[in-house]
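Examination of the molecular architecture
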Amino acid sequence: MITLRYFAFLVAFLTLGLISCEKALLPADPDARPHTVFEALWQDVRDRYSYFEEKQIDWEIIGDTYRHQLDADMSAEILFDVLADMLFHLEDGHVNIRADFDRSRNWDWFQDFPANYNATLIEAHYLGKDYRIIGPMRTQILDDEILYLDYRSFAEGVTNGNIDALLHRTRSAKGVIIDVRHNGGGSLHNALRLASAFCENTTTYARERIKTGPGRDQFSAWYDLQIAAFEGEPYTGKVAVLTNRRTYSAANFFAQMARSLPHARLFGDQTGGGGGIPVFGELPNGWTYRFSASQAVSPEGEHLEFGVPVHDQVALTPADEQAGTDTIIEAAIAWINQ
Amino acid sequence: MAWIPDFKSLCCKLVAGLLISSTPVIETTGQIPTSHTLAVSFGIQRSAERDAGFSPLVYAGTMPAISVHYYAQRQKTRDEVHLFASGGRLSNTFGAEMRFINAGIFTYKFYHKTHPERALQWGWSNQNTFSMRNFSAANNFSPRADMHTSFGPAAAYRRTLPGRFNRIDLSVVAHFQVIGFMIVSDYVNAFPSGFTDRNRSGIGALWHSANLMYPGKDWNWGIWPRATYRLSSGNSLSLSYRYDLLILRDAHRSSGSRGQYLFTLNMAL
């Protein structure tokens, strides 16, 4: 039988003994030595990155190459560069490692291509001074009663009220030009909300699957990505969507949505891609990273990771640019006026 | 391996039966309660959480905690129901933050034959607990979450101090749980595995998300030392420290070490 004295001691011991020990009762954080940090990143990418097969990347060889560059005494900056160089091989704009002093990236998907975009020209010759700002969109009625819509980042939210205002502006328009060149993405919900304003019937625009295990082929089943039919009266006239190589991620998905609408047509250059949703992670030294962990394909089976092709390949010519004309906008205007 | 779904189905039904039969809420065995007590607690919770689905690092911090308790003393049993909730910001050693929410219901049933004053009592415990971790650095597949319902043995030991301290009761309640169900965030997706395939929905998705907790893989234990001062009105005040350690292993391992410092007002009904 436990005596009262022992029991009182036990209560006091348990209370005082456990107090403030919550963290101590979990295993300690892993060390932040270069090898530990490297392996944490390399293994997570090996297990959860979604495009090894499609990009023909041998991650084992890449890991061996950069593992040999590790040194127990290397500085944080040099370790960062090793990890950044390793991740560069994934050729993916959705792959970054972030430290307080830098963020790695691979921007070859647009840096190796013509810009096909001149913001100053658009402001001076198409938007003018009296454009309307509807939420994140700048809109202007061009000559010939065509509504020009400039949306540079899907990170900026669009509301139902914005969509209603936008549709109100389209009532007398013979066509709409949606310019998502240099739109690096943001929230897919904003892209979907905008696309829905031009969608009469619910439309499947792509299929997606997410990694569900460490195996190369461990994915969920493919499921449909759809644009919901607009609850109201959508705009069903001609819609021209302008893209370039910096149209990326959610904007890349928006381009694919537009491709799926029967009255929409894409102009400019193909998009930069970004078909995988990035998953985020943290390393033992506190640096964070992200990489694609899903795949998306068009209804025809083409991976959106490699960009969405346009219907009409049009380049912004230097001569037009100098003359104050955007070749791609003019091509869209010509199509709408046909 | 066609037998695996059937095996899972069978095990799930068995465990579900155990959990339902263990739940002491609204006892209908014909025992008339000899006393009821309702209690409200306020305090703080110190949490240390690790979710390998995002980070190998522990996120720790202090947050407000609140709980409501109900006790029913019967001729042969004592039932306890505890509803608790806490939430706040945790951070790792590098200052990165995570918003954490933890809530659930905990039940105990202790057996004492016909001697409620018996110091040591054995019984069963059951909990249904939900935790959500929203990492500020994760823009997609976030927040990650887990919900588990588990079952296991429990013990309580109570003594009253002698002499002029005889208004003070000391008690310790402890439990250990290793079987049950859990529904946790998927390998990549924040949603449970059954919902990663969006072709499923509702009950079907929930069913495919449920996984078993079993010995050697998942476990939870807790201990709750308490000092209670009985007032002459029949009510009482308690000071307690409730500690709970939870390990869940599914697509990723998640663990939580939580301690609540509670001040409780107990009201006899």
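Above this text sits the structure in question.
In what follows, the accompanying structure is described. None of the values given here were measured: they were computed from a predicted structure.

Description of the sheet that holds strand β7 (residues 203-210) of chain A
Residues and elements named next belong to chain A.
- Ordered in space as β8-β7-β13, the 3 strands form an open sheet in which the pairing is antiparallel. A single partner strand is all that each edge strand has here, and the edge strands are β8 (223-227) and β13 (294-297). With direction set aside, neighbouring strand axes in the sheet form an average angle of 30 degrees.
- Here 4 bridges tie β7 to β13, and the two strands are oriented antiparallel to one another. Across the sheet, I210 pairs through a bridge with S294, a residue of β13.
- Packing of helix α9 (residues 188-196) onto the sheet brings it into contact with β7 and β8, and relative to β8 it is tilted by some 55 degrees.
- Docked against the sheet, helix α10 (residues 250-260) engages β7, β8 and β13, running at close to 140 degrees with respect to β7.

A few points about helix α2 (residues 34-48) of chain A
- Taking 1.5 Å of rise per residue, 15 residues should cover 21 Å, and α2 of chain A covers 21 Å from first to last C-alpha, within 8% of that figure.
- Elements that come into contact with the buried residues of α2 of chain A comprise α3 (52-55), α4 (59-67), α5 (76-88), β1 (96-99), β11 (278-282) and β12 (288-292) of chain A.

Thoughts on the interface of chain B and chain A
- Residue-level contacts link 51 residues of chain B with 45 residues of chain A.
- Between chain B and chain A, a total of about 4,000 Å² is buried, with carbon and sulfur atoms accounting for 67% of that surface.
- Our count for the chain B to chain A interface comes out at 2 salt bridges.
- A salt bridge links R50 of chain B to D29 of chain A; the nearest nitrogen and oxygen atoms lie 3.0 Å apart.
- The tally of links from chain B across to chain A stands at 15 residue pairs in polar contact (both at pLDDT 80 or more).
- Residue assignment for the side of chain B that touches chain A shows that the elements contributing at least two residues are β1 (35-51), β2 (59-73), β6 (144-160), β7 (168-177), β10 (219-230), β11 (236-249) and β12 (253-268) of chain B.
- In terms of residues, the side of chain B that touches chain A owes the most to one element, β12 of chain B, which gives 5 residues.
- Each residue belonging to the side of chain B that touches chain A can be placed in one class, and the counts come to 26 nonpolar, 15 polar and 10 charged.

Observations regarding the nonpolar core
Residue and element names in this part refer to chain A.
- Among the nonpolar cores identified, the biggest contains 78 residues, and W59, L83, I97, I178, L194, F198 and F254 are the most heavily contacted of them.
- Once residues within four sequence positions are removed from consideration, W59 is found in contact with W42, V45, R46, F52, M86, L87, L90 and R216.
- Counting 19 residues, the second-largest nonpolar core is a separate cluster that includes L127, L142, F267 and W335.

Quick word on the pattern of salt bridges
- Counted under the stated rule, the structure contains 30 salt bridges over all chains.
- Across the pair E22 of chain A and R46 of chain B runs a salt bridge whose closest N-O atoms are separated by 3.0 Å. Linking E22 of chain A in the loop between α1 (4-18) and α2 with R46 of chain B in strand β1, this pair reaches from one chain into another.
- A relative accessible area of 1% means that E22 of chain A is categorised as buried.
- Linking D31 of chain A and R33 of chain A is a salt bridge whose minimum nitrogen-to-oxygen distance equals 3.2 Å.

As for α4 of chain A
Residues and elements named next belong to chain A.
- Those residues of α4 not exposed but buried are W59, I62, G63 and Y66. Along the axis of α4, the buried positions cluster into a sector of 100 degrees, meaning they face one direction only.
- The secondary structure elements touched by the buried residues of α4 are α2, α3 and α5.
- A side-chain oxygen of the first residue of α4 lies 3.2 Å from the backbone nitrogen of E60; this N-cap is D58.

What about unusual backbone geometry?
- With an omega dihedral of 5 degrees, the bond running from S142 of chain B to P143 of chain B counts as a cis peptide bond.
- Residue position: P143 of chain B is located in the loop between β5 (120-135) and β6.
- Residues other than glycine seldom take positive phi values, yet Q56 of chain A does so here, at roughly 55 degrees.
- Among the secondary structure elements, Q56 of chain A is positioned in the loop between α3 and α4.
- In this model, S249 of chain A sits at a positive phi of 60 degrees, which is unusual for a non-glycine residue.

Focus: a nonpolar patch on the surface
- Taken together, the side chains of L38, V68, L83 and L269 of chain B make up a nonpolar region of the molecular surface, amounting to roughly 340 Å² of accessible area.
- Assignment of secondary structure puts L269 of chain B in the segment after β12.

Comments concerning the sheet that holds strand β6 (residues 175-179) of chain A
Residue and element names in this part refer to chain A.
- Here we have 7 strands laid out as an open sheet, ordered β3-β4-β5-β6-β9-β10-β14, and mixed in their pairing. With one partner strand each, in any of the chains shown, β3 (132-134) and β14 (312-313) form the two edges of the open sheet.
- One ladder, built from 2 bridges, connects strand β10 (residues 264-268) with β14; its direction is parallel. Each bridged residue has a counterpart across the sheet, and for F267 the counterpart in β14 is D312.
- The sheet contacts of helix α8 (residues 160-170) involve β3, β4 (137-142), β5 (146-150) and β6, and relative to β4 the element is tilted by about 10 degrees.

What counts as what
- Residues numbered from 1 in each chain as written.
- Chains lettered and ligands numbered in written order.
- Predicted model: local features only at pLDDT ≥ 70, side-chain atom pairs only at ≥ 80, totals over all residues.
- Heavy atoms only, no water.
- Pairing = 2+ DSSP bridges.
- Helix = DSSP H or I, 4+ residues; strand = E, 2+ residues; numbered from the N terminus.
- Axes fitted to C-alpha atoms, helices over the stretch in contact; angles between N-to-C directions.
- Contact = heavy atoms within 4.5 Å.
- Expected span 1.5 Å × (residues − 1).
- Buried area = accessible area lost by both parts, 1.4 Å probe.
- Salt bridge = Lys/Arg side-chain N within 4 Å of Asp/Glu carboxyl O.
- Polar contact = N/O pair within 3.5 Å; in protein donor to acceptor, adjacent residues only side chain to side chain.
- Nonpolar A, V, L, I, M, F, W, Y, C, P; charged D, E, K, R; others polar.
- Core = buried A, V, L, I, M, F, W, Y, C linked by side-chain atoms within 4.5 Å.
- Buried < 20%, exposed > 50% of the residue type's maximum accessible area, 1.4 Å probe, protein only.
- Arc of directions from axis to C-beta.
- Patch = residues over 30% accessible without salt bridge, like charges linked within 9 Å, V, L, I, M, F, W, Y side chains within 5 Å.
- Areas by Shrake-Rupley, 256 points an atom, 1.4 Å probe, with all protein chains shown as cover.

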